[in-house]
Amino acid sequence: MHRVAVIAVDGVAGFDLMVPGQVFGTAHSVDKAPGALLGAPLYEVKVCGRPAPLMVTGVGGADLFRLSSLYDLAEAVDADTVVLPGMPMPAAEPPAGPAVATTAELAEVLRVVSAAYERGARVVAICSGAFVLARTGLLNGRRATCHWTDLAAFATNFPAVDVVPDVLYVQDGRLVTAAGAATGTDVCLHLIRQDFGSAVADEVARHFVATPQRDAAQAQLVVHKAPHPGSDSLEPTMRWIREHLGDPLTLADVATHAGVSPRTLNRRFREQAGTTPMQWRLRLRIHHAQELLETTTLSVDQIARHCGFGTAIALRQHFARLVHQSPLAYRRSVRANKNGSGNGSRSDG
């Protein structure tokens, strides 16, 4: 199984700590016995840290509960994916942002994370875990993000990092950073999709009654304005777009269906979905292409036409930008993982 190590230090954020275990732990093979709810588990998740009891915190550092039985921190070195939840940092360095954990504890975490990455692991930082990942130096010259309340401090303390604001998560090779809180679920589902395909990720989302895939480029902070006359939900139009993914729809076509102007449509889409209608449709098309690559033997040309891209070249361009693989490489990696002969985390691409 794919091994996941979640790092815990004193003061670790409870929500960020628990989400990876819940989401990755729910991922099972879609090949299951008749009548069975789940197939074979695909991930082994361990919470790793020091042996002494640790305080787990909530918003504002509230003491929620204590953890007393963890796997040894050294076990994280051999993991396929290492997760750094939101956690405190020493008050002296960096001077701004979250602060508390002891320097000795942090030094050991940095050593373990660096060693895991060097042997080929994927490293995921959620919320203020990005501060820890940046302290390793691995993010220098790389793109990264963190929670919107900490972006300014993050950029100030780590000028060598290309900070990407106002996104849910960023993947740069084997380094992944997420905004925190609910985006922990988003990034775990994204990685499950990358490791084992859309069918597995969608099944996990169904178990959580969660949105299968939110656009990584969606704004972290979507301000939902008070309702005003004519501000009806766009759900009927979103459903119509899903039903016509293969059709060459324009922004004007979608606006006509919604009964508003293109400008108003864009504004309402940003209010309700955090992105534009065309970007939202593009993500749906790519998601559908992933499903077809996983579940059919259709050629890339056939899938491109079926999903509304028109040509295989257009599909390849958008697919490479959003999935970081070519369609055929994606199909091969998903099949290899299903057959137990591949690992989705071993590439910097």
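Residues numbered from 1 in each chain as written. Predicted model: local features only at pLDDT ≥ 70, side-chain atom pairs only at ≥ 80, totals over all residues. Heavy atoms only, no water.

Participant: Whenever I open this one, the sheet that holds strand β7 (residues 81–84) confuses me. Can you help?
Facilitator: Hydrogen bonds between backbone groups are what pair the strands of a sheet, and the pairing can be parallel or antiparallel. Taken together, the seven strands give an open sheet; going across it, the order is β6-β3-β1-β7-β8-β12-β11, and neighbouring strands pair in mixed fashion. The sheet is open, and its two edges are formed by β6 (71–72) and β11 (169–172), each paired on a single side. Running at roughly 150° to β7, helix α2 (residues 103–118) makes contact with β1 (2–8), β7, β8 (122–126) and β12 (175–178) of the sheet. (Pairing = 2+ DSSP bridges. Helix = DSSP H or I, 4+ residues; strand = E, 2+ residues; numbered from the N terminus. Contact = heavy atoms within 4.5 Å. Axes fitted to C-alpha atoms, helices over the stretch in contact; angles between N-to-C directions.)

Participant: It is not clear to me how the state of the cysteines should be interpreted in this structure. Could you clarify?
Facilitator: Two cysteines, two sulfur atoms, one covalent bond between them: this is a disulfide. On inspection of all chains with the given rule, the structure shows zero disulfides. In this structure Cys-146 is not part of a disulfide, and its nearest cysteine sulfur, from Cys-127, lies 7.4 Å away. Looking at Cys-146, the relative accessible area reads 0%, which means it is buried. (Disulfide = S-S within 2.5 Å. Buried < 20%, exposed > 50% of the residue type's maximum accessible area, 1.4 Å probe, protein only.)

Participant: Honestly, helix α1 (residues 14–26) in this entry has me stumped. Any pointers?
Facilitator: Quick reminder: α-helices carry 3.6 residues per turn. Residues three or four places apart thus point the same way. Between its first and last C-alpha, α1 extends 18 Å over 13 residues, near the 18 Å set by a 1.5 Å rise per residue. Taken residue by residue, α1 has Gly-14, Asp-16, Leu-17, Val-19, Pro-20, Val-23, Phe-24 and Thr-26 as its buried positions. (Expected span 1.5 Å × (residues − 1).)

Participant: Just to check I follow, could you spell out the packing of aromatic side chains for this structure?
Facilitator: In this description, a pair of aromatic rings is defined by centroid distance and the angle of the planes. Taken as a whole, this structure holds seven aromatic pairs when the rule is applied. With a centroid separation of 5.3 Å and an interplanar angle of 70°, the aromatic rings of Phe-131 and Phe-154 are classed as edge-to-face. Residue Phe-131 is located in helix α3 (residues 129–135), and its partner Phe-154 is located in helix α4 (residues 151–157); the two are separated by 23 residues in the primary sequence. Like Phe-154, Phe-131 is buried. Taking 6.0 Å as the distance between ring centres and 75° as the angle between the ring planes, the aromatic pair formed by Phe-131 and Phe-158 counts as edge-to-face. Of this pair, Phe-131 sits in helix α3 while Phe-158 sits in the loop between α4 and β10 (162–163), and the two are 27 residues apart along the sequence. The exposure class assigned to Phe-158 is buried, which follows from its relative accessible area of 10%. Following the ring pairs from residue to residue traces out a cluster consisting of Phe-24, Tyr-43 and Phe-196. Over the aromatic face of Tyr-117 sits the side chain of Arg-174, whose NZ or CZ is 4.1 Å from the ring centroid. (Phe/Tyr/Trp six-rings, centres within 6.5 Å; stacked < 30°, edge-to-face > 60°. Lys NZ or Arg CZ within 6 Å of the ring centre and 35° of its normal.)

Participant: Please clarify how the nonpolar core should be interpreted in this entry.
Facilitator: Across soluble globular proteins, nonpolar side chains show a tendency to be buried alongside one another. Ile-7, Leu-84, Val-109, Leu-133, Leu-139 and Phe-154 are the most contacted members of the largest nonpolar core, which has 36 residues in total. Elements supplying a minimum of two residues to this core: β1, β7, α2, β8, α3 and α4. The dominant element in this core, judged by the number of residues it contributes, is α2, at seven residues. With near-sequence residues (within four places) excluded, Val-109 lies in contact with Ile-7, Val-9, Leu-73, Leu-84 and Val-132. With 33 residues, the next largest nonpolar core counts Cys-127, Leu-168, Cys-188 and Val-204 among its residues. (Core = buried A, V, L, I, M, F, W, Y, C linked by side-chain atoms within 4.5 Å.)

Participant: Would you explain a nonpolar patch on the surface in this entry?
Facilitator: On the surface, Met-18, Leu-64 and Phe-65 cluster together into a nonpolar patch covering about 290 Å² of accessible area. Inspection of the secondary structure puts Phe-65 in strand β5 (residues 63–67). (Patch = residues over 30% accessible without salt bridge, like charges linked within 9 Å, V, L, I, M, F, W, Y side chains within 5 Å. Areas by Shrake-Rupley, 256 points an atom, 1.4 Å probe, with all protein chains shown as cover. Salt bridge = Lys/Arg side-chain N within 4 Å of Asp/Glu carboxyl O.)

Participant: For this particular structure, what's the right way to read the sheet that holds β5?
Facilitator: Here we have three strands laid out as an open sheet, ordered β2-β4-β5, and mixed in their pairing. A strand with exactly one partner marks an edge of an open sheet, and here the two such strands are β2 (12–13) and β5. Where strand β4 (residues 54–57) lies against β5, four bridges are found, and the strand directions are antiparallel. The partner of Met-55 across the bridge, within β5, is Arg-66.

Participant: Hey, could you run me through helix α10 (residues 277–295) in this one?
Facilitator: For α10, spanning 19 residues, the distance from its first C-alpha to its last is 27 Å, which sits close to the expected 27 Å at 1.5 Å a residue. In terms of burial, α10 is largely enclosed, as 14 of its 19 residues are buried.

Participant: What is the right way to read the packing of α10 against helix α12 (residues 312–323) from this model?
Facilitator: Each packed pair of helices is defined by two parameters, the angle between the axes and the distance between the axes. Their axes nearest at 11 Å, the elements α10 and α12 cross at an angle of 95°. When the axes of α10 and α12 are compared, the pair comes out roughly perpendicular. Listed contacts from α12 to Leu-282, Arg-283, Ile-286, Ala-289, Gln-290 and Leu-293 of α10 are Leu-315, His-318, Phe-319, Arg-321, Leu-322 and Val-323. Counted by class, the contact of α10 with α12 contains eight nonpolar, two polar and two charged residues. (Parallel < 35°, antiparallel > 145°, perpendicular 65-115°, else oblique. Nonpolar A, V, L, I, M, F, W, Y, C, P; charged D, E, K, R; others polar.)

Participant: What exactly am I supposed to notice about the confidence of the model for the protein here?
Facilitator: One rule of thumb: low pLDDT means the predicted coordinates there are not for detailed reading. Overall, the prediction assigns the protein a mean pLDDT of 82, with 85% of residues at 70 or greater. Contacts for the low-pLDDT stretch residues 91–101, under 50 throughout, to residues beyond four places or in other chains number 27 contacts. (pLDDT = per-residue confidence, 0-100.)

Participant: Mind showing me how you'd approach the pattern of salt bridges here?
Facilitator: Pairs may arise between side chains of opposite charge once their charged atoms sit close together. In total, this model carries nine salt bridges according to the counting rule given. For Asp-10, the salt bridge is made with Arg-50, and the minimal N-O distance between the two is 4.0 Å. Of this pair, Asp-10 sits in the loop between β1 and β2 while Arg-50 is found in the loop between β3 (43–49) and β4, placing the two residues 40 residues apart along the sequence. Here Arg-50 falls in the partly exposed class, since its relative accessible area comes to 30%. Put simply, Asp-172 and Arg-142 hold a salt bridge, and the shortest N to O gap is 3.0 Å. In this pair, Asp-172 sits in strand β11 while Arg-142 sits in the loop between α3 and β9 (143–144), placing the two residues 30 residues apart along the sequence. Arg-142 shares its class with Asp-172; the two are buried. Through salt bridges with shared partners, one network takes in Lys-32, Glu-203 and Arg-206.

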